[in-house]
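Residue-level structure breakdown
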Amino acid sequence: MKSLEILPWAADETELMRDDLYVPEYIQYIALAVLKQYDFSVRCMNVVATKPKKGGAIWKVETSEGPKSLKLLHRRPGRSIFSLGAQEYLCDVKKARVPPIVKTKDGQKCVLAGGKIWFVAEWIDSLTPAPPDLEGAKQLCYGLGEFHRLSKNYQAPLNAEIASRVRKWEKTYQKMLMKMDWFRNIAKAYNDMPASEPLLQAVELFEPHAKAALEKLQNSPYRKLLQYEDSHWGLVHQDYGWSNGQLGKGGVWIIDLDGVSYDLPVRDLRKLISGIMLDSLNWNTDWLRELIRAYHEANPLSKELYEMLMIEFSLPNEFYRNVKELGYNPELFLNESTAAMIEQIIQQDKTKWPALKEIANDWKDVKTSK
Amino acid sequence: MRVLMICTEKLPVPAVKGGAIQTYISGVLPHLSFYHEITVLGIEDPSLEKDEIRDNVRYVRIPGKIFDLYKEGVIKFLENHPDSFDIIHIFNRPRLVLPVRSLATNARIILSMHNDMFHSEKIPADEACQVIEEVESIITVSDYVGYEIKALFPQAATKLNTIYSGVDTERFLPGNDARMENTRKKVRKDYGLENKTVLLFAGRLSNNKGADRLIRALPILAKKFKNLALVLVGSNWFSENHVTDFVAYIRALAKRQAVPVITTGFVHPDEIQNWYAAADLFICSSVWQEPLARVHYEAMAAGLPIVTTARGGNPEVIIEGENGLIVRDPENPESFAKAISQILSDKTLMKKMGENSRKLAVSLYKWERVAEDILSVWE
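Throughout this document, residue positions are counted from 1 along each chain, in the order its sequence is written. Here chains are named by letter from A upward and ligands by number from 1 upward, in the order in which they appear as written. Totals for whole chains, interfaces and linings use every residue, but because this is a predicted model, local features are given only for residues with pLDDT of at least 70 and side-chain atom pairs only at 80 or more, for both listing and counting.

By definition, any uninterrupted DSSP run of H or I lasting at least four residues is a helix, any uninterrupted run of E lasting at least two residues is a strand, and each is numbered from the N terminus. In terms of helices and strands, chain B carries 13 helices and 14 strands. For a compact globule the rule gives 2.2 Å times the number of residues to the power 0.38, and the radius of gyration it is set against comes from C-alpha atoms. Since a compact globule built from 379 residues should have a radius of gyration of about 21 Å, the 22 Å found for chain B is in line with a globular shape. In terms of overall dimensions, chain B has a C-alpha envelope of 65 × 40 × 40 Å along the principal axes. Exposed residues have 12 or fewer other C-beta atoms within 10 Å of their own C-beta, buried residues have 20 or more, and residues in between are partly exposed; the C-beta atoms are placed from the backbone. Considering chain B as a whole, with its 379 residues, one finds that 49% of them fall into the buried category. Remark: residues whose backbone-derived C-beta atoms lie within 7 Å of one another are considered to be in contact. Residue pairs at least 24 apart in sequence account for 66% of intrachain contacts in chain B once pairs closer than 6 positions are excluded.

Right, dumping it as structure tokens:
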């Protein structure tokens, strides 16, 4: 195989770029060469997803052995080997509902081509999204808990680059705080734009929240939790939600495991629940309780982890998530609709604090971490 | 003596991909290899042979990038070369010391430290103590790096030895040197800088390095000085593929400045001296506790006045008021505006500082001097 290096193609100046499923021709050739290393014949293949800015793609491949997915992983090879090892461990050892990896003719679980890792997995055909209601959300939370429980003690292969966020919580919180200042400076530099004033107001409101969350973290049981090996906590998915967790045979199936990393599991849970709250327009105590309980059934939360979850919730995640791309194109971003969006997040935030206060002591009688 | 120099798992030597440690090793090798039989063990690269003798130095290149994988390779190499070295000089990887010692029981082990690899997140304290016990000497690139090691492990004190890095003073030259005059003119013409006072920043475009503070200082400076320009030499500006949040942020700020902000994108290490020759004042705006950035030596050799920050080892190579000024509060853009103004508003001072910079580089920071210091540790 030629030693071409695969690069992101978002900057290609081509009309084809208008097509979300465009993949450069040289990568298509590499894909065909990769598939030759498998013990099946290809009937047809179609691109089903791309990451043109990062250089990743997924194909659905119809083969003599049934439908498969072929994935080109955009991350550094060592990093991809970490996540593939995890997928194999979850599937083969833990019998988790994740797509089984198809081995090459030589019995390898992946192929290195164009400087990137490629792999083939079974295409799980019958998946359906969970219903967009409380019951569906609870199923997702339960499925996430199962995933976390089963991924505990995963040991990565020697040639993998270990992905862990366990010890980076303070840095992550500091980064959010730092970016609040960036948002302020951009808002000031673009003070003629419609959303710059609401953005400044939002920074004044949310920056103290980020600061308080960091202080809470520093005075929390976090440090005590760091005494465990990172693998003790298992893996977080990092991008889990209605599309990467879907219903299938036996329960929730989890797909797209490429970004898995060791971390305290409540990080994923916070992201999932805070997204659900954002969609439902206000923070509802009953929902919050039911979702956390559903998770707890599958992966019991200790008192300390519950406290960590509460601290995570206290960050201005909803604001941050929606404006963090601001720097990439402020002239486009700081428009009327962003002004309205910021306004809405500020309103929604008012419902968050009473809800968090109400559930703050729910875990006071639960036992502490072993 | 037979000396093995063990590089890190990150970048290849010679420094074909840049890197401070790799530049350091490449800079001293021509002098060291004159006196000793040297083998350099480092990582492989498509552009380099896996085993070669080049300029009197043997290079052995093994798979790297991931530390544990590299460590395996180092161990295998030493198993195949028992008792082959009198000195094993390990660069910035204290975690290689014990595995190396277990296979080279008689060799003298020297460790060079370029940053905070003795920090508790990077090495367990008990291993660090054994490492300090096993090594004969710990060379650091600044007093700051040494202080940090000493603060964690006081027993290291007697083994510490600062050897400042160096620069090729024949390649990095002032813009008014006959060999650089045309280059200076050309660069300034190509980038529309002909009548400008050029402020130069060189380094990674990341929050740590503080380029955003410089951009935010520009409106203040623009009130006092006409015809300013800020040049940012940093690899990750242009490439759409890897625009980080920080680069997006400073791009957004730069776009709204009255003072032009020129960004060069990736400049090959072989050509970086041209930018120094084109500049009038150099600024290192780091806000983090930096070991000691190489750019200071390069700016000195290029005869530039320097504004740096009181962070980490950076101020150690500046004689305040003689070849530059030190900003004590780098979080605040106004502090940069003040220091830069002080130099720009006194042309005599500015000229004197530039000349002193060059003199310091030539007298203290040539590679020959670095190599001699290393030789005195070896011998």
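Let us keep going from here.
Moving on: the overall build of chain A. Counting its regular elements, chain A contains 12 helices and 10 strands. Computed over the C-alpha atoms, the radius of gyration of chain A is 22 Å, within 12% of the 21 Å expected from 2.2 N^0.38 for a compact globule of 370 residues. Summarising its shape, the C-alpha atoms of chain A cover approximately 60 × 55 × 35 Å along the three principal directions. Expressed as a percentage of the 370 residues in chain A, the buried residues total 40%. For chain A, the share of sequence-separated contacts (at least 6 apart) that also reach a separation of at least 24 residues comes to 77%.

Residues and elements named next belong to chain B. Here, any two strands with at least 2 DSSP bridges between them count as paired. With mixed pairing, eight strands are arranged side by side in an open sheet as β3-β4-β2-β1-β5-β6-β7-β8. Two strands lie at the open edges of the sheet, namely β3 (51-54) and β8 (160-162), each paired on one side alone. If you compare each strand with its neighbour and ignore which way they point, the axes differ by 20° on average. The angle between two axes is taken between their N-to-C directions and runs from 0 to 180 degrees, where each axis is a line fitted to C-alpha atoms and a helix contributes only its stretch in contact. Most of the contacts of helix α2 (residues 67-80) go to strand β4 (residues 57-62), to which it runs at about 130°, and overall it touches β1 (2-6), β2 (37-43) and β4. Against the sheet, helix α13 (residues 367-378) makes contact with β1, β5 (87-91), β6 (108-113), β7 (137-140) and β8, and its axis sits at roughly 170° relative to β7, the strand it touches most.

Turning to the pairing of strand β2 (residues 56-63) of chain A, a few remarks are in order. All names here are of chain A. By the criterion of burial, β2 is predominantly enclosed, with six of the eight residues buried. Note: strand β1 (residues 42-51) against β2, eight bridges, orientation antiparallel. Across the sheet, A49 pairs through a bridge with I58, a residue of β2. The turn linking β1 back onto β2 is made up of four residues, and G55 within it adopts a positive phi angle of 95°. The loop that links β2 with its antiparallel partner strand β3 (residues 66-72) comprises two residues.

Here we take up the packing of helix α8 (residues 285-298) of chain A against helix α12 (residues 336-359) of chain A. A packed helix pair is summarised by two numbers, namely the angle formed by the two axes and the spacing between the axes. Residues and elements named next belong to chain A. Relative to each other, α8 and α12 sit at 50°, their axes nearing to 9 Å. If you check the angle between α8 and α12, you find them oblique. Viewed along their axes, α8 and α12 form a crossing whose handedness is right-handed. Facing T285, L288 and R289 of α8, the residues of α12 in contact are A355, E358 and I359. Three categories are distinguished: nonpolar for Ala, Val, Leu, Ile, Met, Phe, Trp, Tyr, Cys and Pro, charged for Asp, Glu, Lys and Arg, and polar for the others, with Gly belonging to the last. Considering only residue class, the contact of α8 with α12 consists of three nonpolar, one polar and two charged. Note on terminology: angles under 35 degrees are roughly parallel, angles over 145 are roughly antiparallel, angles of 65 to 115 are roughly perpendicular, and the others are oblique. The crossing is said to be left-handed when, going from far helix to near helix, the turn is anticlockwise and less than a right angle, and right-handed when the turn is clockwise.

Attention now goes to the interface of chain B and chain A. Taken together, the 15 residues of chain B in the interface contact 19 residues of chain A. For the side of chain B that touches chain A, the secondary-structure elements that each account for two or more residues are α2 and α8 (245-255) of chain B. In terms of residues, the side of chain B that touches chain A owes the most to one element, α8 of chain B, which gives five residues. Residues that form the side of chain B that touches chain A fall into these classes: six nonpolar, two polar and seven charged.

Our focus in this paragraph is the domain arrangement of chain A. Residues and elements named next belong to chain A. Assigned domains within chain A: domain 1 (15-122) and domain 2 (134-359). The gap between the C-alpha centroids of domain 1 and domain 2 is 29 Å. With 19 residues of domain 1 in contact, the opposing surface of domain 2 contributes 23 residues. Considering only residue class, the side of domain 1 that touches domain 2 consists of nine nonpolar, five polar and five charged. The split of the chain into domains comes from an automatic or database domain assignment.

All names here are of chain B. Taken domain by domain, chain B holds domain 1 (2-163) and domain 2 (181-364). Here the C-alpha centre of domain 2 lies 32 Å away from the C-alpha centre of domain 1. Counting residues at the interface gives 11 residues for domain 1, matched by seven residues for domain 2. Of all the elements in the fold, those that place two or more residues in the side of domain 1 that touches domain 2 are α1 (20-35) and α5 (143-152). The element contributing the most residues to the side of domain 1 that touches domain 2 is α5, with three residues.

Next up on the list: the sheet that holds strand β10 (residues 228-233) of chain B. All names here are of chain B. Taken in spatial order, the six strands line up as β11-β10-β9-β12-β13-β14 in an open sheet, and their pairing is parallel. Where the open sheet ends on each side, the last strands, each with one partner, are β11 (261-263) and β14 (324-327). Across the sheet, the mean angle separating the axes of adjacent strands is 20° when strand polarity is ignored. Of the strand pairs in this sheet, strand β12 (residues 281-283) and strand β13 (residues 306-309) are connected by two bridges, and their pairing is parallel. Following the sheet pairing, I283 is matched in β13 by V307. Sheet contacts for helix α11 (residues 333-344): β9 (197-202), β12, β13 and β14; angle to β14, the most-contacted strand, approximately 165°.

We now examine the environment of L269 of chain A. Following the sequence through the fold, L269 of chain A ends up in helix α7 (residues 266-279). Excluding residues that lie within four positions of it along the chain, L269 of chain A makes contacts with L144, Y295 and L309 of chain A.

Once that is clear, we can look at the packing of α7 of chain A against helix α9 (residues 303-314) of chain A. Residues and elements named next belong to chain A. For the pair α7 and α9, interaxial distance at closest approach is 9 Å and the crossing angle is 45°. Classed by the angle they form, the pair α7 and α9 counts as oblique. In this structure, the crossing between α7 and α9 has a hand that is right-handed. On the side of α7, the interface is formed by V266, R267, L269, R270 and S274, while α9 contributes L305, M308, L309, E312 and F313. Per-class residue counts for the contact of α7 with α9 are six nonpolar, one polar and three charged.

Residues V13 of chain B and P14 of chain B are joined by a peptide bond in cis, for which omega reads -5°. Along the chain, the position of P14 of chain B falls in the loop between β1 and α1. We note that D256 of chain A has phi near 55°; this positive angle belongs to a residue other than glycine. Its place among the elements puts D256 of chain A in the loop between β9 (251-254) and β10 (261-262). You will see that L281 of chain A, though not glycine, has its phi angle at about 70°, which is positive. Here L281 of chain A shows up in the loop between α7 and α8.

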